[in-house]
Structure formats: C-alpha cells, structure tokens
Amino acid sequence: MQRRDYLLKKLGWSLLTIGFVLVLNFFLFRILPGDPTSSIAKDPRLTPETRAALAERFGLDKAIFLDLGGGNPFDSQFFAYIGRLAQGDLGTSFNFNRPVAVLLGERLFNTVLLVLSGQILAIVLGVGLGLLAAWKNKTAFDAGAITFSLAAWSLPTFWLGILLLIIGSAVFGLPTAGKQTVGVDYASWWEQAVDVARHLILPTLTFTIVLLGEYMLIMRSSVLEILSEDYILTAKAKGMSHTQILRHHAMQNAMLPIVTLIALNLGFTVAGAIQVETVFSWPGIGSMIYDAVRRQDYPVLQGAFLLIAVSVVLANLAADLVYGYLDPRVKAP
C-alpha cells in the first residue's frame, strides 16, 4: 500500500510538472524580441498585406492569452495551442510549413544516438575511474584523476568541440560535419553504418569528455564517504577482501547519487546537444532548436522543449523508482 501511494504521488507530481511546462513553453517564446512574420517572409519587399496574410495563416493575428476586444475571449493563441495539444497536434512549423511532430520524429533518432553513445561511455568510464580513484586514494593515480576530472568538467562544450574538430580532422582525417558523406552511393548497409560511425566519433568524444569528469568526481567522493562508515570497518574485521567490500557494500550505496545525476543530466545533455550538434552540424534536435531560435519558429521551439521536458520528467520518475529499489528507506512515506 505504501509503495502504491508513493508511486501515485510521484506520478501526480510528474503530471503537474508537465502541465506547468506546457504553459511556460507558450509564454517563454512570446517574449522574444522581433516579429515572427519577418523571419517567415525573408523577402524584405513583401507588402504589409502579405505579412498580415501570413500572420493570419499561422494565427499570429490573434490575442496572445485572452481576447478582450468584445468577441470570444478564448479565441486566442494560447487556447488554440492548448486545444491542438489536447488532440495530440504540436502545430505546424512557420518556416518549413510541415507538422512539428514529423520534424521532431525525423531528428529524434540522431539526437538519441548521439546522446546515448556519449552518456553510456561517460557513465561506464566515469563510474569505473571514480571507483578506482577512491580505491587508490591519496596516490599519484588519484591526484591525476582529480586533475583530469576538474579540467574536463570546466571545459566549455563548444570550445572543446572546436578543438577536437581541428585535431580530429587534421591528425586523424575524421569527418567534421553531418551524419554521413554527401553524394556517396553505399554498396551495402555495413558501408553506410561505418561511415555514420566515423561521423559520430568526434561529437560523441566531446559529449563523453564533458560528462566524464562529473561522473568520476561524484563517484569518487561517494565511495570515499561510504568507505568511512562503521559497517565497512565491521566488514574488514570479518576478513572480507577489498574487492568483496567494494562489490557487496560500497557499490550499491555509492550509486545513489550517480542515479540522481544520470536523471538530471538527461536534460542537461540535450542542452549540451545544442552546442555539440551546432559545432559538428549533426542533424539532431539540438541543431533544429538553434535554427528555430534564429527564425522565431514558435511551434518547433514549443514542441522541442515539450519533448525535452517530458524526457526529463520521465527520467526523474525512473530515478525515483530505482531509488526505491536501491534504498528501501525511500519506500516509506
């Protein structure tokens, strides 16, 4: 019963958070300076009548929140946005004149491929090296690991991406832009997969280095704190080896902050994907958000940020469930 109430409470808070994001998403982009019709109609010679027709076409001629002009007060951009969302419609892109859901679907796989590759590598290497650094505490290896982690954590993502782009292309001859080589006819799917993997190396390496330092430092400090607990001393007194202590006592408890960090990082990694995808011209959601901000394409921005918000909320909900498995005390109300 307690576990069911706990899950229902977490699910309720998740739905409330998504509802708040829906409202915030709408008003956040309306405060941007400039006129969206100027971005839609790139030709400066367009007449005011043509601009008015474009504004009417995309509903930009209506009131933003409530129509206080004497007509239907709910005939506004906000309630039209909520009505479309209730029907599962994310709207139509101002610039591409295509459904936002289709545009997001075309880019989603590329971003997931990039983010998952970087996250998995960073988690495996960061947790492993952090555990090893804690085990080799106050040694040259530990000092080197801390120095590397702090340096990696402090590097600006776009600067690191540009640096790796220069080194990767000049020294190793790796491709620097796009998902695959333009104009190439692949003889087999394997040849195409190899080409995509070569294009993925530099952006994935950038992602991995940026996240690696954070995972490594958190894991090291978490393991050191666990190793100072009394029950670890008791385990040593029973004659357990260092490996047995790390595997059976330290690892599970030390993973609690890592689980939280992974869930939180899912949101930040998508934000980081904007910079990485822009530097490497990777055709994902991040680069699409960058273009949509420049063109004031509200429907694309609303759809992309809603997708990001739902992903972060679901990741946090999953982290809460994993917490309940790792730490039974969490189940108690």
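This is a predicted model, so every value here is computed, not measured. Residue positions are given per chain, counted from 1 along the sequence in the order it is written. At least 70 in pLDDT is required for a residue's local features to be given in this predicted model, at least 80 for side-chain atom pairs to be given and counted, and no such filter applies to totals for whole chains, interfaces and linings, which use all residues. Remark: hydrogens and water are excluded; side-chain values derive from all non-hydrogen atoms of the structure.

**Student:** Looking at this structure, how should I read the overall build of the protein chain?
**Tutor:** Each helix and strand in the protein chain was counted, giving 12 helices and 0 strands. Helix numbers and strand numbers start at the N terminus; a helix is a DSSP run of H or I with at least 4 residues, a strand a run of E with at least 2. For the protein chain, the N- to C-terminal ordering of α and β elements is α-α-α-α-α-α-α-α-α-α-α-α. Overall, the protein chain is about 85 × 60 × 40 Å in size when its C-alpha atoms are taken along their principal axes. Think of it in three bands: residues with accessible area under 20% of the maximum for their type are buried, residues over 50% are exposed, and the middle band is partly exposed, with areas taken using a 1.4 Å probe on protein chains only. The buried share of the protein chain, reckoned over its 333 residues, is 38%. In the protein chain, 71% of the contacts between residues at least 6 apart in sequence involve partners at least 24 apart. Shrake-Rupley sampling with a 1.4 Å probe provides the accessible areas, and residues are treated as covered by the protein chains on show and by no other component. Carbon and sulfur atoms form 67% of the exposed surface of the protein chain, whose accessible area is close to 18,300 Å². If you average the places of the 25 positive and of the 23 negative side-chain charges in the protein chain, the two averages end up 8 Å apart. A contact between two residues is defined here by any heavy atoms of the two lying within 4.5 Å. The positive count covers Lys and Arg only, the negative count covers Asp and Glu only, and His and the chain ends enter neither. Charge coordinates come from a single atom per side chain, which is NZ of Lys, CZ of Arg, CG of Asp or CD of Glu.

**Student:** Would you mind going over the environment of Thr50 with me for this structure?
**Tutor:** You can see Thr50 is positioned in helix H3 (residues 48–57). With relative accessibility at 31%, the residue Thr50 sits in the partly exposed group. For the pair Thr50 and Trp190, spaced 140 residues apart in sequence, the C-alpha to C-alpha distance is 50 Å.

**Student:** Help me understand a nonpolar patch on the surface, please; the structure alone is not making it clear to me.
**Tutor:** Distance thresholds for patches are 9 Å for like charges and 5 Å for nonpolar side chains (Val, Leu, Ile, Met, Phe, Trp, Tyr), applied to residues having over 30% relative accessible area and no salt bridge. Salt bridges are counted wherever a side-chain nitrogen of Lys or Arg sits within 4 Å of a carboxyl oxygen of Asp or Glu. Together, Phe158, Trp159, Ile162, Leu163, Ile166, Ile167, Val171 and Phe172 give the surface a local cluster of nonpolar side chains, amounting to about 800 Å² of exposed area. For Val171, a relative accessible area of 59% corresponds to the exposed category.

**Student:** Just checking my understanding: could you explain the pattern of salt bridges for this structure?
**Tutor:** Pairing between side chains becomes possible if they bear opposite charge and their charged atoms approach one another. Evaluated as defined, the whole model comprises 3 salt bridges. The closest approach of N and O atoms between Arg220 and Asp142, which form a salt bridge, is 2.6 Å. You can see Arg220 sitting in helix H8 (residues 189–227) and its partner Asp142 sitting in helix H6 (residues 140–154), a full 78 residues away along the chain. Like Arg220, the residue Asp142 is buried in the burial classification. Put simply, Arg294 and Asp291 hold a salt bridge, and the shortest N to O gap is 3.1 Å. One end of the pair, Arg294, and the other, Asp291, are both in helix H11 (residues 285–295), 3 residues apart, so they sit about a helical turn from each other. Of the residues examined, Asp291 reaches a relative accessible area of 24% and is grouped as partly exposed.

**Student:** Looking at this model, I keep getting lost on unusual backbone geometry. Mind explaining?
**Tutor:** A negative phi angle characterises most non-glycine residues, just as the trans form characterises most peptide bonds. A positive phi angle, near 55 degrees, is found at Asn97, a position not held by glycine. Checked against the element boundaries, Asn97 lands in the loop between helix H4 (77–86) and helix H5 (100–135). Despite not being glycine, Lys138 shows a phi value in the positive range, around 65 degrees. Position of Lys138 among the secondary structure elements: in the loop between H5 and H6.

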